Amino acid sequence: MTKLKDTDIRFVLLNNLYDKYSDDNTTRIVNEMGVMHGQSRVDVAVINGVLHSAYKSLKLLMLS
């Protein structure tokens, strides 16, 4: 069994997000978004006025 790396997961996640939101001009996908003046970062953020849990999104991604 091959171990997944961050880049493997990020590639699939970003492709799915771009496919889903590419026609939505009110949504932005940000890779490596800094928050709290750089004290923390978000790996991948989808900015569209709705807050989603990364855990829930990852769980849904694994089911599809």
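Provided above is the structure to which this section pertains.
Remember, predicted model here, so these are calculated numbers, not experimental data.

So, on to the nonpolar core. One finds Leu14, Leu17, Tyr21, Ile29 and Val44 forming the largest nonpolar core, which totals five residues. Not counting chain neighbours up to four residues away, the residues in contact with Ile29 comprise Leu14, Leu17, Tyr18, Tyr21, Val44, Ala45 and Val46.

Time to look at the side chain of Thr27. Here Thr27 lies in the loop between helix 1 (6-21) and strand 1 (28-35). Residue classification places Thr27 among the buried positions, given a relative accessible area of 6%. A distance of 2.8 Å separates the side chain of Thr27 from the side chain of Asp24, its partner in a polar contact.

What follows concerns the side chain of Arg10. Within the secondary structure, Arg10 is located in helix 1. At 3.0 Å, the side chain of Arg10 and the side chain of Glu32 are in polar contact.

We now examine helix 1. Taking 1.5 Å of rise per residue, 16 residues should cover 22 Å, and helix 1 covers 22 Å from first to last C-alpha, within 8% of that figure. If you check which residues of helix 1 are buried, you get Arg10, Leu14, Leu17 and Tyr21. With its buried residues spanning 65° around the axis, helix 1 presents them on a single face. Structural note: helix 1 exposes Phe11, Asp19 and Lys20 on the side pointing more than 90 degrees away from its buried face. Turning to helix 1, the residues buried within the fold contact strand 1 and strand 2 (40-47).

Cut-off values and rules
- Residues numbered from 1 in each chain as written.
- Predicted model: local features only at pLDDT ≥ 70, side-chain atom pairs only at ≥ 80, totals over all residues.
- Heavy atoms only, no water.
- Core = buried A, V, L, I, M, F, W, Y, C linked by side-chain atoms within 4.5 Å.
- Buried < 20%, exposed > 50% of the residue type's maximum accessible area, 1.4 Å probe, protein only.
- Contact = heavy atoms within 4.5 Å.
- Helix = DSSP H or I, 4+ residues; strand = E, 2+ residues; numbered from the N terminus.
- Polar contact = N/O pair within 3.5 Å; in protein donor to acceptor, adjacent residues only side chain to side chain.
- Expected span 1.5 Å × (residues − 1).
- Arc of directions from axis to C-beta.

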